[in-house]
Amino acid sequence: MSDFPPYPAGLRLAGRRTVVIGGGHVAQRRVPGLIAVGAEVHVVSPEITPALEGLVGAGEINWHEKEFDPTDLDGAWYVIATTATPEVNEAVHLAAEARRVFCVRADDARDASAWTPAVGRHAGITVAVLGNREPRRSAAVRDSILEALREGVILSREDRERTPGVVLVGGGPGEPDLMSVAGRKAVMEADVVVADRLAPREILDELPADVELIDVAKLPRGRSAQQEEINRIIVERAKAGQCVVRFKGGDNFVFGRGYEEVIACREAGVPVTVIPGLTSPVTVPGVAGIPVTHRGVAHDFTVISGHLPPGHPESLTDWSAVARLHGTVVLMMAVQNAPAIAEALVAGGRAATTPVAVICDGTMPTQRTVLATLGTLAEQLTAHAVRPPAIIVVGEVVRVAHPDAFSD
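> So what's going on with the overall build of the protein chain? Which residues, and what values?
Along the backbone of the protein chain there are 13 helices and 17 strands. Compactness check: the protein chain gives a C-alpha radius of gyration of 27 Å against a globular reference of 22 Å for 408 residues, more than 25% above the reference. Expressed as lengths along the three principal axes of its C-alpha atoms, the size of the protein chain is roughly 85 × 60 × 40 Å. Once local pairs closer than 6 in sequence are excluded, the contacts in the protein chain between residues at least 24 apart make up 60%. Taking the average place of the 39 positive charges on the side chains of the protein chain and the average place of its 50 negative ones, the gap between the two points comes to 3 Å.

Shown next, in the form of structure tokens:
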């Protein structure tokens, strides 16, 4: 669970039973926030601080003067374990898990099912920041956001001027943090987002509620939106006076058909701008620890689309020439045709022992790397059930990154 970020949600606790185990200073800090949102707060502890006792006396919270018992969580919607005893907090956590109730652990967030964000409010907006169990950092970011809201640095969509037209945004390899600031800003300010399957999907969950999302996914050997239809949509919406963002994975112009969309917009008289993205054939190997060039090993790298196999009448790639290159070959969209490409490279002169790395789901939580050689690539793809999306790196740079796997 610790490998994944938390899923943020706004809990509406008004009138709902919320249980705080422990009555010390941590509880004293957490309880006022619960009262502020209307929660029915129950504190379970043999002793409580004077401040909490004052809240009990005022009728704002309920105090159960006792040691914790799992039945204290019956009917609870939310639980916070704040005691100074890890064993008690662990018992609270387990009792909450058994009841499928989200539980915050003040002593060890790694074993909690929920985290407490740094919260602030301004003009009807609630800001909640989760900084990967770094409370000081979360609070600092929260304060910066609140200050920007108060000073008008951060504006609402209604306060912004949006020019009708099309913006092509490259979203990078998939990890939202690897998307450019300019690209993220353009997506958030759009009226319509026309998104590919490989565009950073978490970004879509951040879109304002009034942004229209149009899915134009292209599935490998499955349902696919036709490029002509995509062109029609973006042009039609821009002519209707909307700000349209064409949101892609990777970079617009690296096997992204971005320039076809530029041409369509220009022919229709629609303003079009381009925000590049980090391109996957360089970024994904880099994140996986594989350089595409290395001094004394590879003086060049070639990026090739493998969506057509060698010998296909529509292929524009001279595979015999590629085989004679000494540098790195990076293959995109090549999982299905990789065995045929490997055969063509070996037939053209590349050694069957040439190292190969297949990087699946690059930059995503499920990223993994499968190592092979040109001679064993086909069987390794099958053995490891490799599916798209994947970037395939061919060349001695793979040996540089994984010397133990390719020792002579």
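Moving on from the coordinates now.
> Give a detailed account of unusual backbone geometry, specifying residues and quantitative values.
Excluding glycine, residues mostly carry a negative phi; peptide bonds, for their part, are mostly trans. Each neighbour pair has its own omega, and for Pro388 with Pro389 the value is 0 degrees, a cis peptide bond. Looking at the element boundaries, Pro389 is found in the loop between helix H12 (377-383) and strand E17 (390-394). Phi angles above zero are rare outside glycine, and Thr363 is one such case at about 75 degrees. Checked against the element boundaries, Thr363 lands in the loop between strand E15 (355-360) and strand E16 (368-373).

> Provide a residue-level description of the side chain of Thr18, including the pertinent values.
You can see Thr18 is positioned in strand E1 (residues 17-21). Residue classification places Thr18 among the buried positions, given a relative accessible area of 0%. Once residues lying within four places of it in the same chain are set aside, the contact partners of Thr18 are Leu13, Leu34, Ala39, Glu40, Val41, His42 and Tyr78.

> Describe in detail the pattern of salt bridges, supporting the description with residues and values.
One pass over the full model with this rule turns up 15 salt bridges. Each member of the salt-bridge network shares a partner with another, and the members are Asp196, Arg246, Lys248 and Glu261.

> Please give an account of the environment of Gly296 that cites residues and values.
Checked against the element boundaries, Gly296 lands in the loop between helix H9 (280-287) and strand E13 (301-305). Of the residues examined, Gly296 reaches a relative accessible area of 68% and is grouped as exposed. As for Gly296 and Glu343, which are separated by 47 residues in sequence, their C-alpha atoms are 26 Å apart.

> Which residues make up the nonpolar core, and what values go with them?
Counting residues in hydrophobic clusters, the biggest one holds 25 residues, and the most contacted among them are Leu331 and Val358. Listed by contribution, the elements that provide at least two residues to this core are helix H10 (319-323), strand E14 (328-332), helix H11 (338-347), E15, E16, H12 and E17. It is H11 that contributes the most residues to this core, five residues altogether. Residues within four places of Val358 in sequence aside, it is in contact with Arg368, Thr369, Val370, Leu377, Leu381, Val386, Ala390, Ile391 and Ile392.

> Explain the packing of aromatic side chains to me, using residue names and the numbers behind them.
Scanning all chains against the criterion turns up one aromatic pair. Summarising the aromatic geometry, the rings of Phe253 and Tyr259 are spaced 5.5 Å apart at their centres and angled 70 degrees between planes, so their arrangement reads as edge-to-face. The exposure class of Tyr259 is partly exposed, given its relative accessible area of 41%. Sitting over the ring of Trp77, Arg16 keeps its end group 4.4 Å from the ring centre.

> Tell me about the sheet that holds E16, residues and numbers included.
A sheet is described by the order of its strands in space; here five strands give the open sequence E13-E14-E17-E15-E16, paired in mixed fashion. Of all the strands in the sheet, the pair left with one neighbour each is E13 and E16. Strand-to-strand twist of the sheet, defined as the mean angle between neighbouring strand axes without regard to direction, takes the value 20 degrees. Of the strand pairs in this sheet, E13 and E14 are connected by five bridges, and their pairing is parallel. Looking across to E14, one finds that Val303 is bridged to Val330. Here H9 sits on the sheet and contacts E13, E14, E15 and E17; the angle it forms with E17, its principal contact strand, is near 80 degrees.

> Tell me about the sheet that holds E1, and name the residues and values.
Read across the open sheet, the five strands follow the order E3-E2-E1-E4-E5; overall the sheet is parallel. Because the sheet does not close on itself, it has two edges, and the strands there are strand E3 (62-64) and strand E5 (102-105). The mean inter-strand angle of the sheet, taken between neighbouring strand axes irrespective of direction, is 20 degrees. Both strand E2 (residues 40-44) and E3 contribute to a ladder of three bridges, which runs parallel. In the strand pairing of E3, His42 is matched with Asn62.

> Please give an account of the environment of Leu34 that cites residues and values.
By the element assignment, Leu34 lies in helix H1 (residues 25-36). In this structure Leu34 comes out as buried when scored by relative accessible area, which is 7%. Put simply, Leu34 and Ile61 are 27 residues apart on the chain and 9.7 Å apart in space, counted from C-alpha to C-alpha. The residues touching Leu34, leaving out its near neighbours within four places in the chain, are Leu13, Thr18, Val20, Ala39, Val41 and Ile80.

The rules we used
- Residues numbered from 1 in each chain as written.
- Predicted model: local features only at pLDDT ≥ 70, side-chain atom pairs only at ≥ 80, totals over all residues.
- Heavy atoms only, no water.
- Helix = DSSP H or I, 4+ residues; strand = E, 2+ residues; numbered from the N terminus.
- Rg over C-alpha atoms; globule rule 2.2 N^0.38 Å.
- Contact = heavy atoms within 4.5 Å.
- Lys, Arg positive; Asp, Glu negative; His and termini not counted.
- Charge placed at Lys NZ, Arg CZ, Asp CG, Glu CD.
- Buried < 20%, exposed > 50% of the residue type's maximum accessible area, 1.4 Å probe, protein only.
- Salt bridge = Lys/Arg side-chain N within 4 Å of Asp/Glu carboxyl O.
- Core = buried A, V, L, I, M, F, W, Y, C linked by side-chain atoms within 4.5 Å.
- Phe/Tyr/Trp six-rings, centres within 6.5 Å; stacked < 30°, edge-to-face > 60°.
- Lys NZ or Arg CZ within 6 Å of the ring centre and 35° of its normal.
- Pairing = 2+ DSSP bridges.
- Axes fitted to C-alpha atoms, helices over the stretch in contact; angles between N-to-C directions.

Worth remembering: the numbers are spatial, not functional.
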